[in-house]
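# Summary of the model geometry
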Amino acid sequence: MKKTTTRLADGRELIYYDASDAAVRATLDPRPLDPVTTASELRRDRLLGDTVAIASHRQGRTYHPPADACPLCPSGPGRHTEIPADGYDVAVFENRFPSLAGGHGRCEVVCFTPDHDASFADLTAEQAALVLDAWTDRTAELSQLPDVAQVFCFENRGAEIGVTLGHPHGQIYAYPFTTPRTERMLTALADHHAATGRNLFDDVLAEERADGRRLVLDGDHWTAFVPYAAHWPYEVHLYPKRRVPDLLALDEPARTEFPQLYLELLRRFDRIFGPDAPPTPYISAWHQAPVHAADRDRFALHLELFTIRRTPGKLKFLAGSESGMNVFINDVPPEAAAERLREVASE
């Protein structure tokens, strides 16, 4: 992998990740951009203990542009985008409309491919491996920033999820705090260890593999399963069999196997609802240990992949119980979801 770091016209950082060491990325950004101004503020909810980012500047962000005005495609004659080069393998840049900014974390955009009409599932294993390398490198770099407590790599796919740019891309949030979801995991982890002396993540993975009904894929180094208490209609958790706290700690065998298994999962997601269904909207989220957490080696890196589509033409909306009280109601039994995901395996 070759990494090339440069700057956009407004001073934001842009990093190219290329599979070939021969790649040259010397193109300058010719756009007359003003420096980025943000109005990001973090506020603490004293009743729930949550942190909320107030980011009014995001109201002006790019919203469903036509394909010929996509800001994530490579630049071309007379058309200048966020990527000055006329091609790239993987590109990462600071978000022009960040949710976190001004010493309160950092937000980045990860462009998986220059092909506007592709998706992550269309990548080759080699391309997916390069994305994994980029996620890992960004985790390493962002973890060194003094105000960063947790690094979150994720992808939102589909307009139903709320995606405003159709180009295949993901994001990275470097939070200046540990997220509420991770705090709950850490509490459960500590409580389980105090009660049993064992690691909760290890026990969950062992129990799912022993039960087998909710297994989706079981490779040499990774296991994918629908969790026993899945919140979403189709939800899969992907764990490395050797527990590690973050992407940096993955060994080479796990890194080598990941692209094939992950691409297979994404392709199965697109087949859940039949050959004539539109692409399945999903969120794919890496859970990594907080940077400065005590006993962070007890945390288990894992990826959670889920869709809000529950049946062809119908979405799962967060209604009163989910949105008002955070009590989920799932219409699809996890065992049935796992069975369906096994049925649509690649031939």
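Computed from a predicted structure; not experimentally measured. (Residues numbered from 1 in each chain as written. Predicted model: local features only at pLDDT ≥ 70, side-chain atom pairs only at ≥ 80, totals over all residues. Heavy atoms only, no water.)

### A short note on helix H4 (residues 252–269)
Helical geometry note: an α-helix holds 3.6 residues per turn, so side chains three or four residues apart project in the same direction. Compared with an ideal rise of 1.5 Å per residue, which puts 18 residues at 26 Å, H4 spans 27 Å between its outermost C-alpha atoms and is within 8% of the ideal. Most pronounced at Phe258, the bend in H4 amounts to some 35 degrees, and the proline Pro259 follows within four residues. Taking burial as the measure, the 18 residues of H4 include 13 buried ones, the bulk of the element. Between a side-chain oxygen at the N-terminus of H4 and the backbone nitrogen of Ala254 the separation is 3.0 Å; the capping residue is Asp251. (Helix = DSSP H or I, 4+ residues; strand = E, 2+ residues; numbered from the N terminus. Expected span 1.5 Å × (residues − 1). Bend = angle between axes of the 7 residues up to and from the residue. Buried < 20%, exposed > 50% of the residue type's maximum accessible area, 1.4 Å probe, protein only. Polar contact = N/O pair within 3.5 Å; in protein donor to acceptor, adjacent residues only side chain to side chain.)

### Observations concerning the pattern of salt bridges
Pairing between side chains of opposite charge can happen when the charged atoms of each approach one another. Applying the stated rule across the entire model yields 34 salt bridges. Close ionic contact of Glu82 with Arg12 constitutes a salt bridge, the shortest N to O distance being 2.9 Å. Taken together, the residues span a long stretch of sequence, with Glu82 in the loop between strand E4 (51–55) and strand E5 (90–94) and Arg12 in the loop between strand E1 (2–7) and strand E2 (13–18) at a distance of 70 residues. Each of the two residues, Glu82 as well as Arg12, counts as buried. Here Arg157 and Asp270 are joined by a salt bridge, their closest N and O atoms 2.6 Å apart. One end of the pair, Arg157, is in strand E7 (residues 150–157); the other, Asp270, is in the loop between H4 and strand E12 (282–287), and 113 residues separate them in sequence. On the basis of relative accessible area, Arg157 is assigned to the buried category, the value being 13%. (Salt bridge = Lys/Arg side-chain N within 4 Å of Asp/Glu carboxyl O.)

### Quick word on the layout of surface pockets
Put simply, the second largest pocket is a space of about 540 Å³. Per-element tally for the lining of the second largest pocket: the top contributor is strand E8 (residues 169–175), with four residues. Its residues placed into classes, the lining of the second largest pocket shows 10 nonpolar, 10 polar and five charged. (1 Å grid on protein atoms, 1.4 Å probe; cavity = no way out; pocket = protein on both sides within 12 Å on 5 of 7 lines; lining within 4 Å. Points joined across faces, edges and corners; volume = space filled by probe spheres on them. Nonpolar A, V, L, I, M, F, W, Y, C, P; charged D, E, K, R; others polar.)

### Let's talk about the nonpolar core
Core analysis: the largest hydrophobic core is formed by 52 residues, its most contacted members being Phe120, Trp135, Val216 and Trp286. Beyond its immediate chain neighbours, meaning those up to four positions away, Phe120 contacts Phe112, Ala128, Val131, Trp135, Glu155, Tyr262, Leu263, Leu266 and Tyr282. Counting 14 residues, the second largest nonpolar core, distinct from the first, contains Leu8, Tyr16, Ile83 and Ala91. (Core = buried A, V, L, I, M, F, W, Y, C linked by side-chain atoms within 4.5 Å. Contact = heavy atoms within 4.5 Å.)

### Remarks on empty space enclosed by the protein
Where empty space is left becomes clear once a probe the size of a water molecule has been rolled over the atoms. Within this structure, the stated rule accounts for one cavity of 30 Å³ or more. The calculated volume of the largest cavity comes to roughly 40 Å³. For the largest cavity, the full set of lining residues is Thr139, Ser143, Val151, Asp246, Gln288, Ala289, Val291 and Arg296. Split into classes, the residues belonging to the lining of the largest cavity amount to three nonpolar, three polar and two charged.

### Overview of the environment of His287
You can see His287 is positioned in strand E12. Residue His287 is classed as buried on the basis of its relative accessible area of 9%. Look past the residues within four positions of His287 in its chain and what remains in contact with it is Arg181, Met185, Phe299, Ala300, Leu301, His302 and Glu304. At 3.5 Å, the side chain of His287 and the side chain of Glu304 are in polar contact.

### Quick word on the pairing of E4
Two faces belong to every sheet, and in a regular strand the side chains alternate between them. One ladder, built from five bridges, connects strand E3 (residues 40–44) with E4; its direction is antiparallel. Paired with Ser40 across the strands is Ala55, a residue of E4. Linking E3 to E4, which pair antiparallel, is a turn of six residues; within it Gly49 sits at a positive phi near 80 degrees. (Pairing = 2+ DSSP bridges.)

### Notes on the sheet that holds E12
The sheet built from 11 strands is open, its strands ordered E1-E2-E5-E6-E8-E7-E12-E13-E11-E10-E9 with antiparallel pairing. At either margin of the open sheet sits one strand with a lone partner, and together these are E1 and strand E9 (215–218). When strand polarity is set aside, the average angle formed by the axes of neighbouring strands in this sheet is 15 degrees. With respect to the sheet, helix H2 (residues 180–196) is in contact with E7, E12 and strand E13 (302–307), its orientation differing from that of E13 by roughly 125 degrees. (Axes fitted to C-alpha atoms, helices over the stretch in contact; angles between N-to-C directions.)

### Thoughts on the packing of H2 against helix H3 (residues 200–211)
Where H2 meets H3, the axes come as close as 8 Å, and the angle between the chain directions of the two elements is 85 degrees. Comparing their axes, H3 and H2 come out roughly perpendicular. Residues Met185, Ala188, Leu189 and His192 of H2 pack against Leu200, Phe201 and Asp203 of H3. Residue composition of the contact of H2 with H3, by class: five nonpolar, one polar and one charged. (Parallel < 35°, antiparallel > 145°, perpendicular 65-115°, else oblique.)

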